[in-house]
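Results of the structural survey
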Amino acid sequence: MNYLRLIRPQHWIKNFFVLIPLFFGGELFDVTPILSGLVVFFAFSFVASSVYCYNDIVDADDDRHHPLKCKRPVASGAVSVRHAYWLMALMFVLGMATTLLLESQAMWNVMAVLLFYYVLNLAYCSKLKQYAILDVCIVAFGFVLRIIAGGQATDVELSKWIVLMTFLLTLFLSFAMSFKLPLDLTKARINCCSLSESRASTGSSKSPHTSVRHSSQKSLPTLNGASHAGHCNGKRFFISPISFQFFHKCTDRSYQSTVHRQRRIPVSKHLLLYGL
């Protein structure tokens, strides 16, 4: 069960993007193209699961300090790092082997796309997700690679417009998810403010802001990066990278404006519907 959680089969639904060329190419009900599309679907799913294994291995140390991610198989110790690497290699081999079911020319083209996707996402998990804007662009580009692989496998020529619109739509979705200000910023700030008031009432002059420290100074604020841990007068809290950058700059006045902006976040849902 832990190995199944490690490969995250619930995320395979994203790989149905490989069937988009069939829909726009008018071949959605043709048996042969559908079978080819399903082959690419499982190939992409296996390769993506290999990336998930690597991501859990790389983020294991940070995940152990996260209230939710600490339950991940590698972070919790349910699956050893060695076994995670073995599973990572197995899923990659399965993904590449699945493409052997395709015709010769389509097989090599899909293999090339899968290999590029794999290397790009390994770089993303290792370093690139630490850079704002670039991280969401890589996530959006991954969906473009999916429809390219689907088009190569089903012999459907993709127009530049479907490629561009797929990238822009998934980029918009990534930004819509990433710019949703998390509640942990508000909770952490309220806790520190309440502690400050309690100290003031007891006559202590020490500010709670001086006890806040970052768990990793080399980590950069990103849009999709892992959450970071901090301390406030001995109380541990977790805030995302963007929130952490705001947190250091917040004063009591700017905090009120931050909370006000947070209440206006549902507007992004209307923008998302407009984009669709």
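Calculation rules
Residues numbered from 1 in each chain as written. Predicted model: local features only at pLDDT ≥ 70, side-chain atom pairs only at ≥ 80, totals over all residues. Heavy atoms only, no water. Helix = DSSP H or I, 4+ residues; strand = E, 2+ residues; numbered from the N terminus. Buried < 20%, exposed > 50% of the residue type's maximum accessible area, 1.4 Å probe, protein only. Contact = heavy atoms within 4.5 Å. Areas by Shrake-Rupley, 256 points an atom, 1.4 Å probe, with all protein chains shown as cover. Expected span 1.5 Å × (residues − 1). Patch = residues over 30% accessible without salt bridge, like charges linked within 9 Å, V, L, I, M, F, W, Y side chains within 5 Å. Salt bridge = Lys/Arg side-chain N within 4 Å of Asp/Glu carboxyl O. Core = buried A, V, L, I, M, F, W, Y, C linked by side-chain atoms within 4.5 Å. Phe/Tyr/Trp six-rings, centres within 6.5 Å; stacked < 30°, edge-to-face > 60°. Lys NZ or Arg CZ within 6 Å of the ring centre and 35° of its normal. pLDDT = per-residue confidence, 0-100. Axes fitted to C-alpha atoms, helices over the stretch in contact; angles between N-to-C directions. Parallel < 35°, antiparallel > 145°, perpendicular 65-115°, else oblique. Left-handed = near helix turned anticlockwise from the far one by under 90°. Nonpolar A, V, L, I, M, F, W, Y, C, P; charged D, E, K, R; others polar.

**Remarks on the overall build of the chain**
Counting secondary structure elements, the chain contains 13 helices and two strands. Counting across all 276 residues of the chain, residues that qualify as buried make up 43%. Once local pairs closer than 6 in sequence are excluded, the contacts in the chain between residues at least 24 apart make up 69%. Here the chain displays about 15,500 Å² of accessible surface, and carbon together with sulfur accounts for 65% of that area.

**Considerations on helix 8 (residues 134-154)**
Its 21 residues give helix 8 an end-to-end C-alpha distance of 30 Å, which sits within 8% of 30 Å, the value for a rise of 1.5 Å per residue. Taking burial as the measure, the 21 residues of helix 8 include 15 buried ones, the bulk of the element. Remark: Asp155 follows helix 8 within two positions and exhibits a positive phi of approximately 60°.

**Structural notes on a nonpolar patch on the surface**
A cluster of nonpolar side chains, namely Phe23, Phe24, Leu28 and Phe29, defines an oily patch on the protein surface of about 520 Å² accessible area. Taking relative accessible area as the criterion, Phe29 reaches 78% and is therefore assigned exposed.

**A word on the nonpolar core**
If you look at the biggest cluster of nonpolar residues, it comprises 44 residues, and the most contacted ones within it are Leu6, Val40, Phe44, Leu102 and Leu114. Where this core is concerned, the elements lending two or more residues are helix 1 (2-7), helix 3 (31-58), helix 6 (81-98), helix 7 (104-126) and helix 8. Per-element accounting of this core gives the leading share, 13 residues, to helix 3.

**What about the packing of aromatic side chains?**
If you walk through the whole model with that rule in mind, you get nine aromatic pairs. Here the aromatic rings of Phe116 and Phe141 are separated by 6.1 Å at their centres, their planes lie at 85°, and the arrangement is edge-to-face. Placement of the pair is Phe116 in helix 7 and Phe141 in helix 8, with a sequence separation of 25 residues. Overall, Phe141 belongs to the partly exposed group, its relative accessible area being 29%. Over the ring of Phe143 we find Arg146, and its NZ or CZ is 4.8 Å from the ring centre.

**Brief notes about helix 3**
If you check helix 3, its first and last C-alpha atoms are 41 Å apart, about what 28 residues at 1.5 Å a residue would give, namely 40 Å. The element helix 3 is extensively covered by neighbouring structure, given that 21 of its 28 residues are classed as buried.

**Concerning the environment of Gly77**
Structurally, Gly77 can be placed in the loop between helix 5 (73-76) and helix 6. For the pair Gly77 and Ala60, spaced 17 residues apart in sequence, the C-alpha separation works out to 9.3 Å.

**Re the environment of Leu134**
Mapping Leu134 onto the fold places it in helix 8. Expressed as a C-alpha distance, the spacing of Leu134 and Tyr124, which sit 10 residues apart in the sequence, is 9.3 Å.

**A closer look at the confidence of the model for the chain**
The predicted coordinates should not be examined in detail at positions where pLDDT is low. Residues with a pLDDT of 70 or more make up 64% of the chain, whose mean pLDDT is 75. This model gives residues 183-188 a pLDDT under 50, and the stretch forms 15 contacts once residues within four places in sequence are excluded. Under a pLDDT of 50 for its full length, residues 204-276 has, in the predicted model, 126 contacts with residues more than four places off or in other chains.

**With respect to the packing of helix 3 against helix 7**
Any two packed helices are characterised by the angle at which their axes cross and by the distance between the axes. Close contact between helix 3 and helix 7 brings their axes to 10 Å; oriented N to C, the two are set at 20°. The angle between helix 3 and helix 7 places the two elements in the roughly parallel class. Where helix 3 crosses over helix 7, the two elements pack in a sense that is right-handed. Where helix 3 approaches helix 7, its residues Val40, Ala43, Phe44, Val47, Ala48, Ser50, Val51, Tyr54, Asn55 and Val58 are matched on the opposing element by Val110, Val113, Leu114, Tyr117, Tyr118, Asn121, Leu122, Cys125 and Ser126. Its residues assigned to classes, the contact of helix 3 with helix 7 shows 15 nonpolar, four polar and no charged.

**Observations concerning unusual backbone geometry**
Backbone geometry at Ile133 places phi at a positive 70°, although glycine is not the residue there. Within the secondary structure, Ile133 sits in the loop between helix 7 and helix 8. Phi is positive for Asp155, which is not a glycine, with a value near 60°. Topologically, Asp155 is positioned in the loop between helix 8 and helix 9 (160-178). The exposed category is assigned to Asp155, whose relative accessible area is 69%.

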